[in-house]
Amino acid sequence: MTKVEEGMKVPKGLAGVSITDTKISKSEADGSLIYRGYPISEVASNAGFEETAFLILKGRLPTRTELGSFIQGLRERQNVGEKVFGIMRELGGGAHPIDVIRTSTSALGSIDREPDLDRKELSLESKMSVLAANCHRVPRGEAPRTPKAGLRFSDNLLQMLTPKEATDYERWVFERVLIFYMEHDMNASSFTVMVVASTLADPYAAASAGLASLKGPLHGGANEAAMEMLLKVKDPAKAPEFLAKSFKEGKKIMGFGHRVYKEFDPRARLCKEYLHEILKKRGDDALFRLSDAIEKEMWEKKRIPPNLDFYAAPIFYSLGIEVPLYTPIFAASRIFGWMAHYNEQVEENKLIRPDSTYVGPSGLKYVPIDKRTG
Ligand code: ACO
């Protein structure tokens with residue numbers, strides 16, 4: 001560990017600064033990503049969502065019995081309760097879906113009666129998907145959609161998000177996208193969760209703060225913005241003109257760029273294949289050709305690759321999911337990663353309390369209000 005000197009400065013945005021040791025996951029500039037030691041491609045080809053969640057949380061793959069009781073623990077806690085749906089209704093149709101989930105998560109902190117940390121976390125992990133599926137419809141006065149008994153986590157979330165029937169392959173893809181969204185070493189929302197955990201506040205408080213951080217378009221909000229862009233551009237031939245105009249106006253292209261991946265994001269690469277396959281099977285790959293045209297133009301003009309959000313968005317769209325639900329889906333999955341970071345922080349806790357360099361004035365003399373000019 002580097003010795004910290006008094007007043008030592010770090011780069012803006014903490015870029016390249018390691019703020020902790022972690023055993024949860026690691027991404028590298030060369031496009032590699034590991035979950036608890038397993039390459040993401042290995043996880044995506046073999047594991048289910050719940051199995052991956054157990055791996056992320058506990059640090060190893062579960063036995064059959066452990067997986068069974070983890071799934072059972074999640075299923076027993078799916079009922080968010082009428083009180084929370086009532087709060088969602090009170091917020092009304094104009095509320096942003098992530099604000100609705102954040103407020104509901106915060107309310108759960110006061111309503112949930114789970115006796116210990118493990119069960120509080122399990123409750124949050126289970127209920128987040130129900131909040132995600134209902135955060136757009138319930139405030140608009142629609143009836144809540146609830147989980148169905150016996151379904152896998154990802155199938156249950158999908159059936160709550162959209163009435164559209166998915167094929168086996170589409171359901172498999174949706175589960176992969178959830179696995180990709182579950183965890184990503186250090187990032188704005190996980191860091192936020194760690195900061196709150198370091199004060200020893202409860203996991204509901206930490207998850208509410210994580211949701212606040214996830215909302216922004218530079219983080220989780222990018223998948224919705226990417227889809228809105230695809231719907232606006234419509235025609236692959238218009239991609240160069242659209243991007244040139246955006247560059248001229250100094251706008252960032254949502255779903256592109258990453259703090260770590262500079263060549264490619266392995267999750268985006270896999271999602272691109274899945275999107276192509278879904279659309280080929282349907283005999284209409286127009287949305288794939290449009291996405292591909294924007295990716296090619298971005299690379300040619302800026303050498304910036306797409307991130308997970310850019311290819312997750314058209315997958316969700318193809319599955320019939322409404323755009324305002326894309327960031328909530330991210331939250332329904334990332335809650336498992338957040339709780340892994342929460343636990344890692346509290347297990348060897350040290351209050352996160354950095355320093356800052358004061359660059360403002362000093363020694364000013366107070367002027368009474370009636371003597372102030374201007
Ligand atoms: N569109 C256009 N230019 C970009 C983009 C983009 N999407 N991303 C980076 N750049 C440019 C910047 O303008 C900057 O150029 P400059 O050096 O000429 O000023 C340079 O690349 C470096 O960009 P930074 O924003 O400083 O790099 P950083 O590592 O901080 O950014 C980030 C990472 C925030 C993800 C950025 O790429 C971005 O804003 N992308 C769009 C939002 C997005 O897709 N977020 C999702 C992240 S992944 C996730 O949450 C799953």
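Here the structure is a predicted model, which means the values were calculated and not measured.

### Considering the sheet that holds strand β3 (residues 38-39)
At step 1: As summarised here, the arrangement of the three strands in space is β1-β2-β3, forming an open sheet in which the pairing is antiparallel. Strands with a single pairing partner mark the edges of an open sheet, and in this sheet they are β1 (25-27) and β3.
At step 2: With two bridges joining them, strand β2 (residues 33-35) and β3 adopt antiparallel strand pairing. Bridge pairing in β3 places Ile34 opposite Pro39.

### Thoughts on a nonpolar patch on the surface
At step 1: The grouping of Val4, Met8, Val10, Leu14, Ile19 and Met186 at the surface amounts to a nonpolar patch, some 480 Å² of accessible area in total.
At step 2: Turning to its location among the elements, Val4 is positioned in the segment before β1.

### Here we look at helix α13 (residues 266-282)
At step 1: Under the 1.5 Å per step criterion, the end-to-end length of α13 is 25 Å for 17 residues, consistent within 8% with the ideal 24 Å.
At step 2: Looking only at α13, the buried set comprises Pro266, Arg267, Ala268, Leu270, Cys271, Lys272, Tyr274, Leu275, Ile278 and Leu279.
At step 3: At its buried positions, α13 is contacted by β2, α1 (40-46), α8 (168-181), α14 (286-302) and α15 (308-318).
At step 4: Two residues or fewer past α13, Gly283 is found with a positive phi of approximately 80°.

### Regarding empty space enclosed by the protein
At step 1: Throughout the structure, instances matching the rule amount to one cavity of 30 Å³ or more.
At step 2: What the largest cavity holds in volume is close to 110 Å³.
At step 3: As for the largest cavity, its lining consists of 13 residues, and the residues nearest its centre are Leu74, Arg75, Gln78, Phe153 and Asn156.
At step 4: Every element with two or more residues in the lining of the largest cavity is listed here: α3 (64-75), α6 (117-134) and α7 (153-161).
At step 5: Looking at the lining of the largest cavity, its residues break down into six nonpolar, four polar and three charged.

### Here's the deal with the layout of surface pockets
At step 1: The calculated volume of the largest pocket comes to roughly 1800 Å³.
At step 2: Those elements that place two or more of their residues in the lining of the largest pocket are α2 (49-58), α6, α9 (188-198) and α16 (326-347).
At step 3: Of the residues forming the lining of the largest pocket, the biggest block, six residues, is contributed by α16.
At step 4: Class assignment of the residues belonging to the lining of the largest pocket gives a composition of 18 nonpolar, twelve polar and 17 charged.
At step 5: Roughly 1500 Å³ of volume is contained in the second largest pocket.
At step 6: Those elements that provide at least two residues to the lining of the second largest pocket are β1, α9, α14, α15 and α16.
At step 7: Looking at the lining of the second largest pocket element by element, the count peaks at three residues for β1.
At step 8: When grouped by side-chain class, the residues that make up the lining of the second largest pocket number 20 nonpolar, 14 polar and eleven charged.
At step 9: Both domain 1 (25-216 + 324-347) and domain 2 (222-318) contribute no fewer than three residues apiece to the lining of the second largest pocket.

### Some details on the side chain of His136
At step 1: Inspection of the secondary structure puts His136 in the loop between α6 and α7.
At step 2: When its relative accessible area of 15% is taken as the criterion, His136 is described as buried.

### As for the domain arrangement of the protein
At step 1: Per the domain assignment, the segments making up the protein are domain 1 (25-216 + 324-347) and domain 2 (222-318).
At step 2: If you look at the interface, domain 1 gives 28 residues, while domain 2 gives 27 residues.
At step 3: Where domain 1 abuts domain 2, roughly 2200 Å² becomes buried across the two surfaces, and 65% of that area is made up of carbon and sulfur atoms.
At step 4: Among the residues domain 1 hides against domain 2, the three largest losses belong to Tyr169, Phe180 and Tyr326. Together they make up 30% of the total.
At step 5: Taken together, domain 1 and domain 2 are joined by one salt bridge.
At step 6: Here Arg282 makes a salt bridge to Glu170, at a shortest N to O gap of 2.8 Å.
At step 7: On inspection of domain 1 and its partner domain 2, the count reaches nine residue pairs in polar contact (both at pLDDT 80 or more).
At step 8: Looking at the side of domain 1 that touches domain 2, the elements that each hand over two or more residues are α1, α8 and α16.
At step 9: Top element by residues in the side of domain 1 that touches domain 2 is α8. It accounts for nine residues.
At step 10: Here the residues of the side of domain 1 that touches domain 2 are counted per class, giving 17 nonpolar, six polar and five charged.

Criteria and thresholds
Residues numbered from 1 in each chain as written. Predicted model: local features only at pLDDT ≥ 70, side-chain atom pairs only at ≥ 80, totals over all residues. Heavy atoms only, no water. Pairing = 2+ DSSP bridges. Helix = DSSP H or I, 4+ residues; strand = E, 2+ residues; numbered from the N terminus. Patch = residues over 30% accessible without salt bridge, like charges linked within 9 Å, V, L, I, M, F, W, Y side chains within 5 Å. Areas by Shrake-Rupley, 256 points an atom, 1.4 Å probe, with all protein chains shown as cover. Salt bridge = Lys/Arg side-chain N within 4 Å of Asp/Glu carboxyl O. Expected span 1.5 Å × (residues − 1). Buried < 20%, exposed > 50% of the residue type's maximum accessible area, 1.4 Å probe, protein only. Contact = heavy atoms within 4.5 Å. 1 Å grid on protein atoms, 1.4 Å probe; cavity = no way out; pocket = protein on both sides within 12 Å on 5 of 7 lines; lining within 4 Å. Points joined across faces, edges and corners; volume = space filled by probe spheres on them. Nonpolar A, V, L, I, M, F, W, Y, C, P; charged D, E, K, R; others polar. Domains from an automatic or database assignment. Buried area = accessible area lost by both parts, 1.4 Å probe. Polar contact = N/O pair within 3.5 Å; in protein donor to acceptor, adjacent residues only side chain to side chain.

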